[in-house]
Amino acid sequence: MNQTEKSNPPVIWWLRRDLRLTDNDALRAAVRDGRQAIPVFIMDPALLQAKAPLRQQFLFGGLRRLDEDLRLLGSRLILRQGNPVEQLAHLLAETGASAIYAEEDYSPYARRRDAEVVARLPLRLVQGLTVFHPAALTKADNHPYVVFTPFSKAWKSLPFSFTTTGSPHPNLFAATTGLECLPLPEMRPPADFPPGEAEARRRLDRFLGGAVFEYAEGRNRLDKPGTSELSPYLRFGMLSIRAALTAALQALQRTDADDRRSVETWINELIWRDFYHSILYHFPGVLKEAFQPGMRGIAWREAPADLQAWQHGETGYPVMDACMRQLAATGWMHNRGRMIAASFLAKDLLINWQEGERWFMRCLVDGEPAANNGGWQWTAGVGTDAAPYFRIFNPVLQGKKFDPDGRFVRRWLPELAHVPLTYIHNPWMMPLDVQSECGVKIGTDYPAPIVDHAIVKERVLNAYKKV
C-alpha cells in the first residue's frame, strides 16, 4: 500500500437493494471527501434459500447489468458468498478499507443482520429505501401512524428536496485487481422484465410521458397497460424511489387540471409504499401474524385442493384464473388482480391469507415483503387500515368492470378464446350448444366454479363475525 492509500484508504460499498449507480445515497456517502469505493455484493444463503426463481433470475440479471456498467467505468462488482459479517470482515482485511457503506433496509432479517455487522465492523447505514425514514413519520405522541390518510398528510407536510445525479466518475472507484470475485450465476432474466438501471429509467420515462395522465382510471383496467410496471425495479433499487418521486412531481407541474388527479394518484401509490415500510419497521410481527389481534382467531379452512386450484388458476372464475396464470407466466400481477386473488382466497375459499402471501412471495418478481404483506392483510381485512371484513370482491362483477371486453381473460385463458362476451366472465352459464360452438366444455376443458360465490359469502361473514 502506498502513502496515498494509507492516508486515504478505500471504503466498501455494500450493495443490497440499491442496484444502481445514479441517485444512490449510499454510494454518494461512501465516496465523500475523495474516498474511493469497492463495489461489493454478498450472496447471503439466508436469503437465497427462499424459493423464488423468477425473482432471483431478475436479481442476478440486475447484478450482471450493474457489473457491466461498472466495467465501463474501469471498475467491477466484487461478488462473494456466505455470512455477511464474515465476508465483510475478510474484505476489510484484504483491502485495508476504513468503513462499509450500505443503504438501510427495514425488514426484520435485514435489521438483525445489520445490527450484527455494526457490532463488529464499521458499517455506516444510509437512508434511501424510502422517501422518508419511517422514524421521521410519527404522531405528536411519537407513536407510528397505523392509518394511511393521516400518514399521507404527515408525509406530504415534510419538505422534500432531492438532487438527482448522473453516472459517477471512474475515479470514484478503487482498484480491485487481485481481489477474489465469484462468477455471476448464469440465469435467464424474466422476459417481461429486462433487468437493469437503464431499463428502469426507460419505463419511468415512458410511463410519465403518457399513461400516468390517465392513471386515476386506467390503473384498474386489467386489459390495458395503465400501470408503470416499475415495482420490480423499485424492489431491487434499479430505480431510486426519490428519483421516481422527483420525476412524478415534474410531470405534475406540466399537467392541466384534468390530468393532475391522475398524477397525484400515482404519487399516492408511492406514499403507500412508504406506509407499508413504516408498518413493517414499527411492527415487524406483521410478517408472522395479523396486525389486528382480534383477527388472529379466524377459523380458516384446511382445503389443500382448493388452495391448489387457486394457485394454478383453476377455480372456474375466469378473471381470477387469468390473474394467476399471468403471475405464473410473468412473475407479475396487476394490482387490481392482486386484490381479486387475495379476496377470493381469504373470503370465498376462507383459506388463511398467509398461504397466499407465501405463494406470492414465491412467484412475484417484485416480491416486496412490506408491500406484499400489507396488501394481503388489507384485502383480508386483518391488517392496519384494512378493508372492512364484509368487503368481498365478486369475481364476476370484477371481471365485467375491469375487463369489459374479455381481452385479459382470453389472453391468459386460451381455452376460453372463442367464448361469447355474454359468457366470458361466467362461462358455466353457457348452454351446451354454445359450449359446443365455441369449442370448450365446462367441467372438462375449463373447470366449473369450485365454490358458489353467493353461498360462501355467508360462510366467511359468519367466520369473521365470530372473532
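Owing to the predicted nature of the structure, the values given are computational and were not obtained by experimental measurement.

Glancing now at the nonpolar core. Residues Phe-41, Leu-239, Trp-266, Trp-310, Met-324 and Phe-360 are the most contacted members of the largest nonpolar core, which totals 131 residues. For this core, the element with the most residues is helix α12 (residues 257-282), which contributes 10 residues. With sequence-adjacent residues up to four places away left out, Leu-239 is seen in contact with Arg-20, Ala-200, Arg-201, Leu-204, Leu-230, Tyr-233, Leu-234 and Ala-244.

What follows concerns unusual backbone geometry. The backbone phi angle of Asp-23 is positive, close to 50 degrees, even though this residue is not glycine. Considering the arrangement of structural elements, one finds Asp-23 in the loop between β1 (11-15) and α2 (25-30). You can call Asp-23 buried: its relative accessible area is 5%. Positive phi outside glycine occurs at Asn-142, with the angle close to 70 degrees. Structurally, the position occupied by Asn-142 is in the loop between β5 (123-126) and α7 (148-157). Asn-142 gets classed as exposed once you look at its relative accessible area, which sits at 63%.

Let us now look at the pairing of β1. Of all the five residues making up β1, five are buried; the element is thus mostly covered by neighbouring parts of the structure. In β1, alternate side chains face the same way, and those of Val-11, Trp-13 and Leu-15 on one face and Ile-12 and Trp-14 on the other are all buried. As defined by bridge partners, β1 adjoins strand β2 (residues 37-43) across five bridges and the pair is classed as parallel. The residue bridging Trp-13 from the neighbouring strand is Pro-39, located in β2.

Parameters at a glance
- Residues numbered from 1 in each chain as written.
- Predicted model: local features only at pLDDT ≥ 70, side-chain atom pairs only at ≥ 80, totals over all residues.
- Heavy atoms only, no water.
- Core = buried A, V, L, I, M, F, W, Y, C linked by side-chain atoms within 4.5 Å.
- Buried < 20%, exposed > 50% of the residue type's maximum accessible area, 1.4 Å probe, protein only.
- Helix = DSSP H or I, 4+ residues; strand = E, 2+ residues; numbered from the N terminus.
- Contact = heavy atoms within 4.5 Å.
- Pairing = 2+ DSSP bridges.

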